[in-house]
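An overview of the molecular structure
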Amino acid sequence: MGEIRIENLDIVYKAEEGNSILDLNLENDVDHTNDCGGNCACSTCKIVVISGSENLSDQEEEERDILEAYGWNADEYRLACQCFVEEDGDIVLNLPDPE
Ligand code: FES
C-alpha cells in the first residue's frame, strides 16, 4: 500500500486502492471541500498532483470539461472525486485553498 502526502497541509496517510482521493481524504479527516458531493459537477474538490499521477486513474473528458467550465486549467488540476487510486505507489499533492 502506498502513501498519500498532502504537501501543503503536512498530512500523510496510507492510500487504499480503488478509492477516490476525495473519499480517502474525508475518511482521513482532511477538511476537503466538495460542494457537489463528489459528482464531478462543481470543481471545489480540485487538487494539484505533484507526483505519482501514474498511480491514479486517467483524466476523463467529463473531468476536463468541468474544470474548464469553472476556469481552471485541466492540465494543471485534477478533481479529487474523479482521481481513483489504481496502483500501489506514493502520491504527492497540494490541496488549494477553497474558492
Ligand atoms: S466534489 Fe464536486 S467536482 Fe468533485
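The structure under discussion appears in the preceding block.
Read on for a plain summary of the structure. It should be emphasised that the depicted structure is a prediction, and the values quoted were computed from it without experimental measurement.

1. With respect to the overall build of the protein chain
Regarding its fold elements, the protein chain presents two helices and five strands. The helix and strand sequence of the protein chain, counted from the amino end, reads β-β-α-β-α-β-β. Taking 13 Å as the expected radius of gyration for a compact globule of 99 residues, we find that the protein chain reaches 12 Å, a close match to that expectation. Projecting the C-alpha coordinates of the protein chain onto the three principal axes gives extents of approximately 35 × 25 × 20 Å. Evaluated residue by residue, the protein chain yields a buried proportion of 40% over its 99 residues. Counting contacts in the protein chain only where the partners sit at least 6 residues apart, residues at least 24 apart contribute 64% of the total. Counting only carbon and sulfur atoms, one obtains 38% of the accessible surface of the protein chain, whose full area is about 5,400 Å². Of note, the protein chain has its 5 positive side-chain charges centred 4 Å away from the centre of its 26 negative side-chain charges.

2. Considering the packing of aromatic side chains
On inspection of all chains with the given rule, the structure shows one aromatic pair. Each ring, one from Trp72 and one from Tyr77, has its centre 5.3 Å from the other, and the planes form 70°; the classification is edge-to-face. When the ring centre of Trp72 is taken as origin, the NZ or CZ atom of Lys46, which lies over that ring, is 4.0 Å away.

3. Considering a negative patch on the surface
Taken together, the side chains of Glu17, Glu54, Asp58, Glu60, Glu61, Glu62, Asp65, Glu86, Glu87, Asp88 and Asp90 present a region of like negative charge at the surface. Relative accessible area serves as the criterion here: at 58%, Glu54 is assigned to the exposed category.

The rules behind these values
- Residues numbered from 1 in each chain as written.
- Predicted model: local features only at pLDDT ≥ 70, side-chain atom pairs only at ≥ 80, totals over all residues.
- Heavy atoms only, no water.
- Helix = DSSP H or I, 4+ residues; strand = E, 2+ residues; numbered from the N terminus.
- Rg over C-alpha atoms; globule rule 2.2 N^0.38 Å.
- Buried < 20%, exposed > 50% of the residue type's maximum accessible area, 1.4 Å probe, protein only.
- Contact = heavy atoms within 4.5 Å.
- Areas by Shrake-Rupley, 256 points an atom, 1.4 Å probe, with all protein chains shown as cover.
- Lys, Arg positive; Asp, Glu negative; His and termini not counted.
- Charge placed at Lys NZ, Arg CZ, Asp CG, Glu CD.
- Phe/Tyr/Trp six-rings, centres within 6.5 Å; stacked < 30°, edge-to-face > 60°.
- Lys NZ or Arg CZ within 6 Å of the ring centre and 35° of its normal.
- Patch = residues over 30% accessible without salt bridge, like charges linked within 9 Å, V, L, I, M, F, W, Y side chains within 5 Å.
- Salt bridge = Lys/Arg side-chain N within 4 Å of Asp/Glu carboxyl O.

Function cannot be read off these values alone, since they describe shape.
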